[in-house]
Every structure is written in C-alpha cells, then in structure tokens.
Amino acid sequence: MKGPVTKNSTIGEIYSTAVGHDAINRILLQLGISEKWVTNPFVSGLRFGTILRLAGKRIPPSMGDAVLSLINAESENDFKADGEMTHTWWKEAVFYQIYPSSFCDGNGDGTGDIKGITSKLDYLRDLGVGALWLSPVYDSPWDDNGYDIRDYRKILPAFGTMEDFDELLREVHARGMRLIMDLVVNHTSDEHAWFREALADPGSKYRSYYFFRPGNGGGKAPNNWTSFFSGSAWNYYPEQDLWALHLFSQKQMDLNWEEPAVRDDVVRMVNWWLDKGVDGFRMDVINYISKEPGLPDGDEAVGGMMGYMGIEKYFYGPKLHEYLRELHEKAFAPHGAFSVGETPGIGRRMAQLVTAQERGELDMIFSFDHLESPGHKRFDDYRYDLNYYRDFITDWMLHYGSSCRMSLFYNNHDNPRMISKIDPDPARHAMIAVLLAVMQFTLRGTPFVYQGDEMGLANVDFHSIDEITDVESRNLYAELTQERGMSAQEAFATILAGTRDHTRQPLPWNYGNGAIDPPAHLRQKPLADVTEAYRWLIAFRKAHKESLIYGEFRPLIRRKGVFVYERSGADGTFVVECNLSDRERKTGFDPGGYTPVFIRSGAKQITDGSADLRLPAMLVPYEVRIWDRGQTSAAHP
Ligand code: ISL
C-alpha cells in the first residue's frame, strides 16, 4: 500500500496494512461481528467512506478518522513472516506465573513471600515448569498490588529481603529453570523518589520525567483521557496549579519516555537486574509508553466503544518501535535476555511488527483478544464461547509466521478464571481445565500457566464488596453506584463477574497449617487429576519437541462445538480431537490407523496407553483425545 490511506481507500487496502487490519478487527470484535465480513470480496472492494456511511451510528465518522490517522502514523509495515524458526529455551519452556502475595506463605505471617516460592521449586520442577514469571516483588505502597513501584532496586519487606531473592534465583537456576521479573516502567508509584522530587521542586530534573501539564481552563484537566481504574487520567496538584497524568490508579504516575534521561534510567535498572542473573522480563503495558505528542483529546466514539477515553493516542504510539529497539539494544540483547510484552489492544499484525525476530524489539507479546467472546467486556456476566477461541487461535496459528512466537494462556492475575467463564457448573471444571490444558500444550506457542491453573481452580464465591480488595474493582464499584445509578446489588454482580480478585486468592496448599487462610467460603479444592494431566501433558510436549513445539499445525475439522487439528514434525504426527461444548458431539474424525495416547472423557482420564480399546464415536461434553499416527508410543511419558 503506497501513500496515506484515506476515506477513498478500499476496505481491502486498509485491511492490508498492519494497523488497519488490527483496528478493523478490534472494532468488529467490540461489535460482535465476524472477520469474514471484511474478507468478503464485495466488502473488501468498497471504499472506507462508503462503509462508514452504511454503518451509520455504529461507526461514527470520527472513529473512521481515528483509524486512518493511526494507520498513517505507522511507517513500518515490513517483517519477514517466514524467517527461519530458531530454537531457543523460551520457545521450549513452559512458563508459570507466580503472584507472590498469594502463592505461598513461607514464614506463616498470613501472606505469600519469596521464601514460600523457594519452598515450592521442587513442586514446579516436577510439574515440568521451565521458567517462572514473578509478578512484582519490589518495594511498593501497594496501591495496585505492587504494580506501583516505589523503588525498583528493593524488595518489598513483606516479601523478604534481597538475600531471599538472590537465594530464590540461585535455587531456580540450580534446578535448570529460569526466572523472569515484571518490568513496570510505563509508570512509577507517586511515592517513587523521582515523582516526589518532581512534585516538591519545580526546578527538579525529574519534572520532565512525568507528564506535568497546566489545566485546560475552568479547573478542567489537560485532556479528556480516562484512567483504566475509573475517573479522569489526571491528578490535580493545587500547590503547583498543575496536573499530572496517570493512566492507572491515582498513585501510578505515567513516565514521560520522550525524556532521554527516563530511558537511560530504565536501561540502567534493567541491566542491574540482568547483571544479577535474571533471565528476562515480562513488560507491563509496554505498548502504552509512547504517547501522541501534545496529548490530544481522545475520540469520544472510540472511547465509548472501548470503555477508555484517549486509548488510541497511546496504545500503539508513534515511537513505540523506537523505544523498544533502544531497550533491546542497550539491555536485552547484550545479555541474551528474554522479553515478553504485555500489550493490551494489540492484534496479530501489530504483534508481528513488534516481535518478528529480525526487528529486534520484543521476543513475544501477550495479546488479550481471545479472553472475551466478541461483543463482551470483562465485567459482563456471560458464558465464554470456545468456538470463538478455536477460530481466533487457528487464525494466529496459520498466519503468525515462523519468525514470531505466540504466547498461549487463558489466565493471569488480571482476569477471572476462564473455566468459570466457560461453564459455571463446578462439576465440569476439571474436564474443562484439562481440555484447555491439552490445547495449551499441543498448539504451537509458549504456554504461560497461571498459578492454580494446574489445580483446576475456579472463581471464588465472594459474599460482599468488603471482600474485594482490588483498586480497579473498588473504584468501579464506587463509579457504578455513585455516578451511574446502579443499585448496590447490581454493581456487586458486575464486580463479581470481572474482578481481578478471583485469581488473586491464596493457593490451597495446606489450609489451616500456618499457610494463608482465607475464610471458609473462599477456600478452594485443588483437583489432583487436573494436576496429573498437566504433568503428563507437559512431559508429552517435551518428549515430542519437533512436532509439538516447533512443528506444523493443520486444522482438520472446525464445526460448531468441534475442533480437530494435527501437529506434525520429525518426531511424530498427532491429532487432537476436542469437544468444545457442553453436549455430546461426533467430531467426524476417523481414527483408523491412529492410537489414542491421552483421553479425558467425563471423569475418566487415561494417560497410560490403556485406552487402546474401541472408543465410542460420540464425545461426551468437553471430551478431549490425543491420537498418535506413528509408532512412537514407546516414547510417551
Ligand atoms: O487495558 C485494560 C482494560 O482492557 C486493562 O486490562 C489493563 O491494560 C491491564 O490491566 C494492564 O495490566 C497491567 O498493568 C496494570 C496492573 O494493574 C495490572 O495488574 C498489570 O498486569 C497497571 O500496572
């Protein structure tokens, strides 16, 4: 595509650009419309302006302008989709995310800590985990559970000391595992020394580290951007008559990456940790670090659709590539360190531009577009549609290319548990957990297990808003009840559907024994058969690296409620047969000549080859089978 896109460009032309492709898909996703709509030749030949007219109020003209300006701001559309698929540890490892405050309590004070994590390393190694991602353990006033950092080089005393951390790192490495930290550099805490100095002294060099701006007249904030955690994205400081930007909580102040000294300080800090021996970083909202110069108002229509005003001005900002490359060159590359960016809002094509291996930006990203069914937001109470996941993942599998690597995950500390969203019936959680695990460990990509996934943990049954501690949920509850006229009951139901607290509950290691003990109604039961399936599947993935980690992916059958695909490589050919639905289904797959190697059918789970009997053609709800086409069964774990 040459030259700028305009309203006279065709949908096909717009869709052929990375940003156009992802922006259109994003809009369709919000509206709950299938992507097939755009790829249809008739629609793809229509002019963008015509579509906007036809869409009427659903896509107002200003939203069209916002999309065009995003596309035209991106000058880089090139990457090598079919570069050689290199073999590296982070493609082979299964990652495991630890949320330190609720993982394991090592000193019996009622909260998780670093010693607790160290005490579970044998468990994690035996599960087959190859790398840990540690959510923040840095010194923090804990306004956003550690994602508000006060001192990047200090451990939060409640979690232990730097010696405890060094010991953890040594013990991780001694077991042949790796450890990555969380890098939170879109913002710091307002208690960070930089922000305190910036606020105290107008002449301080730290003023330019943040976005201090005069108001917009009449006591109005500098622009209309809203915070992810409710309300305006600006704090007012009356003593200075200035405002400062915070995309997240009022205590998480955005760093100004335009300021070279900020980037130098970040590089120094990252190198400090890498010199210590950590193996890489998960980079918090890293796609938000470049804001459009002048911080212009966000488009009302885009903001209304996405739920956050201003987002199109920074989720894929003009200098994102430049900043990522600088960080890669000055810190990650010299250490051979690994990076995975947390990049909300980024779709497949933008992801290719930030992760294609020859571009030297990031190794992988987390995209979140698979976490909600089309037309839904996190706080909606609805049933997640696995048919959507099948189509989403197939699209990425087929088009992401060999020089990009996908992260595969269903859960993290920012979302309710996926198994509850798929089916609220607890009797079905174990089978859904295993179905998800089978896909996670047999699709092409790097799996990220969130703590407790391997125990089949589900959402918890909070009884009242007083049990909810997360700043996002608490702020949203106040907004819903005080500004949007919702009853307390309705607002609580909304919070219950989407709160991040579901996945931040203590792991059920050993209630009542000095561990972190929640009240009875919040306790969960670990499901041993799910853990067993995880162990088997991770070992299976490792035993068939060429096919399952690096091999080809071929979708075989995709029908309502059904997903059958093949993975193949030098060490085998496997077919995975899934019933994605809550009713019995025939998939249509003919297993003649195949041997079943793993079956989860209702409560039955077979991993020892004894399934070598005739299996019924009908799969029970959420049943999953793995078939082996070769003679390789001897090599199964
Ligand atoms: O974009 C969002 C809404 O669609 C949010 O989900 C947001 O992008 C996401 O929560 C960002 O998460 C990360 O940064 C936050 C922190 O609270 C989260 O825990 C962290 O994972 C601010 O640091």
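Because the structure is a prediction, the values reported are computed rather than measured.

S.K.: Explain the packing of aromatic side chains residue by residue, including any values.
M.R.: The final tally for this structure, using the stated rule, is 48 aromatic pairs. Summarising the aromatic geometry, the rings of Phe-103 and Trp-509 are spaced 5.5 Å apart at their centres and angled 85 degrees between planes, so their arrangement reads as edge-to-face. Of this pair, Phe-103 sits in helix 8 (residues 100-103) while Trp-509 sits in the loop between helix 21 (488-498) and helix 22 (528-543), placing them 406 residues apart in sequence. Residue classification places Trp-509 among the partly exposed positions, given a relative accessible area of 22%. Seen from their ring centres, Phe-281 and Phe-332 are 6.1 Å apart, and the 80 degrees between their planes marks the pair as edge-to-face. Within this pair, whereas Phe-281 is found in strand 11 (residues 280-283), its partner Phe-332 is found in helix 15 (residues 320-335), the two being separated by 51 residues in sequence. Take Phe-281 and Phe-332: they sit in the same class, and that class is buried. When the ring centre of Trp-509 is taken as reference, the NZ or CZ atom of Lys-120 above it lies at 4.1 Å. When the ring centre of Phe-212 is taken as reference, the NZ or CZ atom of Arg-207 above it lies at 4.8 Å.

S.K.: Tell me about the packing of helix 19 (residues 429-442) against helix 22, residues and numbers included.
M.R.: Packing of helix 19 against helix 22 leaves a shortest axis separation of 10 Å and a crossing angle of 10 degrees. The orientation of helix 19 with respect to helix 22, classified from their angle, is roughly parallel. In terms of crossing hand, the pair formed by helix 19 and helix 22 is right-handed. Along its contact with helix 19, which presents Ala-430, Ala-433, Val-434, Ala-437, Val-438, Gln-440, Phe-441 and Thr-442, the element helix 22 presents Asp-529, Val-530, Ala-533, Tyr-534, Leu-537, Ile-538, Phe-540 and Arg-541.

S.K.: Go over the sheet that holds strand 2 (residues 131-134), please, and point to the residues and values.
M.R.: Strands pair in a sheet through their backbones, by hydrogen bonds, and they do so in one of two ways: parallel or antiparallel. Ordered in space as 13-12-11-5-2-1-15-14, the eight strands form an open sheet in which the pairing is parallel. Of all strands in the sheet, those with a lone pairing partner are strand 13 (364-366) and strand 14 (407-408), marking the two edges. Sheet analysis places strand 12 (residues 338-342) next to strand 13, joined by three bridges and oriented parallel. Bridge pairing in strand 13 links Gly-341 to Ile-365. Against the sheet, helix 13 (residues 260-276) makes contact with strand 5 (178-183) and strand 11, and its axis sits at roughly 135 degrees relative to strand 11, the strand it touches most.

S.K.: Please set out the packing of helix 20 (residues 471-483) against helix 21 residue by residue, giving values where relevant.
M.R.: Packed helix pairs are specified by the crossing angle of their axes together with the interaxial distance, meaning the distance between the axes. Contact geometry of helix 20 with helix 21 gives a least axis separation of 9 Å together with a crossing angle of 150 degrees. You can see that helix 20 and helix 21 cross each other, and the crossing is right-handed. The segment helix 20 lies against helix 21, with Ser-473, Leu-476, Tyr-477, Leu-480 and Thr-481 engaging Ala-488, Ala-491, Phe-492, Thr-494 and Ile-495. Considering only residue class, the contact of helix 20 with helix 21 consists of seven nonpolar, three polar and no charged.

S.K.: With reference to specific residues and values, describe the site of the ligand.
M.R.: Near the ligand you find 19 residues, and of these Asp-144, His-187, Asp-284, His-413 and Asp-414 are the closest. The separation between an oxygen atom of the ligand and a polar side-chain atom of Asp-144 is 2.4 Å. For the shell around the ligand, the residue count by class is eight nonpolar, three polar and eight charged.

About the cut-offs
- Residues numbered from 1 in each chain as written.
- Predicted model: local features only at pLDDT ≥ 70, side-chain atom pairs only at ≥ 80, totals over all residues.
- Heavy atoms only, no water.
- Phe/Tyr/Trp six-rings, centres within 6.5 Å; stacked < 30°, edge-to-face > 60°.
- Helix = DSSP H or I, 4+ residues; strand = E, 2+ residues; numbered from the N terminus.
- Buried < 20%, exposed > 50% of the residue type's maximum accessible area, 1.4 Å probe, protein only.
- Lys NZ or Arg CZ within 6 Å of the ring centre and 35° of its normal.
- Axes fitted to C-alpha atoms, helices over the stretch in contact; angles between N-to-C directions.
- Parallel < 35°, antiparallel > 145°, perpendicular 65-115°, else oblique.
- Left-handed = near helix turned anticlockwise from the far one by under 90°.
- Contact = heavy atoms within 4.5 Å.
- Pairing = 2+ DSSP bridges.
- Nonpolar A, V, L, I, M, F, W, Y, C, P; charged D, E, K, R; others polar.
- Near = heavy atom within 4 Å.
- Polar contact = N/O pair within 3.5 Å; in protein donor to acceptor, adjacent residues only side chain to side chain.

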